Amino acid sequence: MLKNFLGNSPIWYKYTIISFLIFNVIFYFTLGPTITAWIFIAEFIFTLAMALKCYPLVSGGLLAIQILFLNLTTAKNAYHEVAQNLEVILLLMFMVAAIYFMKPLLMFIFSKVFTKVKSKLSLSLLFVILAAALSAFLDALTVTAVLISVGVGFYGVYHKIHSSDLDLNDDGRLDRKQLSGETLEQFRGFLRSLIMHGVVGTALGGVMTLVGEPQNLLIGEKMGWDFIEFFKQMDVITIPVFFAGLLTTIILEKFKLFGFGEKLPEVARKIIENYTILEDEKRTEKEKYRLIVQAIAMVLLIIGLALHLAPVGFIGLALIVFQTAFMGITDEHHIGPAFEEALPFTALLVVFFVIVAMIHDQHLFKPVIEWALSMEPSTQPTMFYIANGLLSAISDNVFVATVYINEIQASFNAGELSRAQYEKLAIAINTGTNLPSVATPNGQAAFLFLLTSALAPLINLSYGRMVKMAFPYAIVLGGVGLLCVMYLL
């Protein structure tokens, strides 16, 4: 039974999860529900940190079942959290599948970029700026799905050459040993740093606009701000933070700090260049036609998301139908693999909403909210920013923003806050939940999606490594944001 329990996970990990499940019952009856709830949060974070040892859906799911069993929340309340976030779930189910059918086009575009832009620093800045621009108008998870597809595609090309007899050097000779050891690690480091720059870019762009993150829309609706007004209200903080983020990228790449700075190995560049030439030469008319269909789908995607013609998931589903219909993909077993990438993460997100429901039912954040509201009006925005940042790093930033904006709306309606103070607190909540939350994968769904994706084990991106690489960005983005709240807001 122990051999089968959690499969190939290390024996110490199995014993740890069993210990959690036993001691949680003891904690519940000795320490009470509130402290036990905090212990559950710490344990769930541990399962995320050990994502490469065991997919957190399995171990975290066991904790979620126990939370329901101990009545720290109810299935009804957990369902309510899922219903509140149905748009995110539909996005993951359908948009990521739509991106799957665009992979050939993405590989075509990015292989050209990789081979034309020789400077790693320029490439890193390009990834940050592109991800930020797209996330400001589209959606961070969609942009992350694109980054993951590109990363998996390029690793696949490298691995294909490494493990086959195919030679892509100009002289027809390729030493297999050249592609192993240090070169392989350098290539992984190169991909890892680019993808991390890109995911941080989604946070930089996502905080700026009404549609950048789900909580932005919620805050904008409560405040009555349209797209332009929301951008203007936030720009006193978001613009300085964006440029601070770009400066951080330059410093990290220039001085090779925190795991950044790895360049594309020359042999890998040669492989990608020659692979691109080979693919261009052997591309059939049918494949060219499919690229055109995918390009049209990409344009429709940008128009649909920028104009908000429908919920993001619906747009994704429409693109799946469009691409499969016009590319002639009609067999179920050819359509099915498109859904394999995102569904495990979607299931994990539902498990996460059980944790969120527990936080809500046990009022774990209420003391912090009451403490922040008891402060002097001049210091309240700063306190809200700090509290939101810390809580978003361990919880979900959408949930934290929802709890806080509802509390300050109640205070405003009760006449305890002026309109000007109400707006300042809303800005502090939006920036506080978006910026410092890049510190851990818990706070940002895009980071968690990357951590649990098929790409993470290929490029050796563990929870600890992600936290380490995100640390300088979290300090700079969070710190500059805090200074702006204190002195410019």
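Everything numeric in this text was worked out from a predicted model, so none of it was measured.

Draft legend 1. Spotlight on the pattern of salt bridges. Overall, the coordinates contain eight salt bridges when judged by the stated rule. Salt-bridge contacts for E279 lead to K282; the nearest nitrogen and oxygen are separated by 3.4 Å. With E279 and K282 both in helix α12 (residues 266-282) and three residues apart, this pair spans about one turn of that helix. Of the charged contacts in the structure, one is a salt bridge between D280 and R283, with a shortest N-O distance of 2.8 Å. It is possible to trace a salt-bridge network through shared partners that takes in K112, D280 and R283.

Draft legend 2. A nonpolar patch on the surface, seen in detail. There is a patch of nonpolar side chains on the surface, built from L247, I250, I251, F255, L257, F258, F471 and I475 and spanning about 720 Å² of accessible area. Among the secondary structure elements, those contributing two or more residues to the nonpolar patch are α11 (227-255) and α23 (463-487). Sorting elements by how many residues they give to the nonpolar patch places α11 first, with four residues. Position of I250 among the secondary structure elements: in helix α11. In this structure I250 comes out as partly exposed when scored by relative accessible area, which is 31%.

Draft legend 3. Here's a closer look at the environment of T284. Mapped onto the elements, T284 comes out in the loop between α12 and α13 (285-307). Residue classification places T284 among the partly exposed positions, given a relative accessible area of 40%. For the pair formed by T284 and A393, sequence separation is 109 residues and the distance between their alpha carbons is 48 Å.

Draft legend 4. Layout of α13. Taking 1.5 Å of rise per residue, the 23 residues of α13 would be expected to cover 33 Å, and the 33 Å separating its terminal C-alpha atoms lies within 8% of that figure. In this structure, the buried side of α13 is in contact with α5 (86-100), α6 (103-116), α7 (120-137) and α14 (312-327). A positive phi of about 55 degrees marks H308, the residue just after α13.

Draft legend 5. Representation of the nonpolar core. If you look at the biggest cluster of nonpolar residues, it comprises 153 residues, and the most contacted ones within it are F114, F154, F187, M196, L301, Y404 and L450. Excluding residues that lie within four positions of it along the chain, F154 makes contacts with M107, F110, S111, F114, F187, L191 and I272.

Draft legend 6. Expanded view of the packing of aromatic side chains. Tallied over the full model, the rule gives 18 aromatic pairs. Ring centres of Y13 and F46 lie 5.8 Å apart, and the angle between their planes is 20 degrees; this geometry places the pair in the stacked category. You can see Y13 sitting in helix α1 (residues 11-31) and its partner F46 sitting in helix α2 (residues 33-49), a full 33 residues away along the chain. Assessed through its relative accessible area of 22%, F46 is described here as partly exposed. Ring pairs connect the aromatic residues W12, Y13, F20 and F46, which therefore count as one cluster.

Draft legend 7. Molecular detail of unusual backbone geometry. Backbone geometry places N71, a non-glycine residue, at a positive phi of 60 degrees. Considering the arrangement of structural elements, one finds N71 in the loop between α3 (56-69) and α4 (75-84). Residue N460 is not a glycine yet carries a positive backbone phi of 55 degrees. Secondary-structure assignment places N460 in the loop between α22 (455-458) and α23.

Rules of the game
- Residues numbered from 1 in each chain as written.
- Predicted model: local features only at pLDDT ≥ 70, side-chain atom pairs only at ≥ 80, totals over all residues.
- Heavy atoms only, no water.
- Salt bridge = Lys/Arg side-chain N within 4 Å of Asp/Glu carboxyl O.
- Helix = DSSP H or I, 4+ residues; strand = E, 2+ residues; numbered from the N terminus.
- Patch = residues over 30% accessible without salt bridge, like charges linked within 9 Å, V, L, I, M, F, W, Y side chains within 5 Å.
- Areas by Shrake-Rupley, 256 points an atom, 1.4 Å probe, with all protein chains shown as cover.
- Buried < 20%, exposed > 50% of the residue type's maximum accessible area, 1.4 Å probe, protein only.
- Expected span 1.5 Å × (residues − 1).
- Contact = heavy atoms within 4.5 Å.
- Core = buried A, V, L, I, M, F, W, Y, C linked by side-chain atoms within 4.5 Å.
- Phe/Tyr/Trp six-rings, centres within 6.5 Å; stacked < 30°, edge-to-face > 60°.

None of the figures reported here should be taken as evidence of function without further support.
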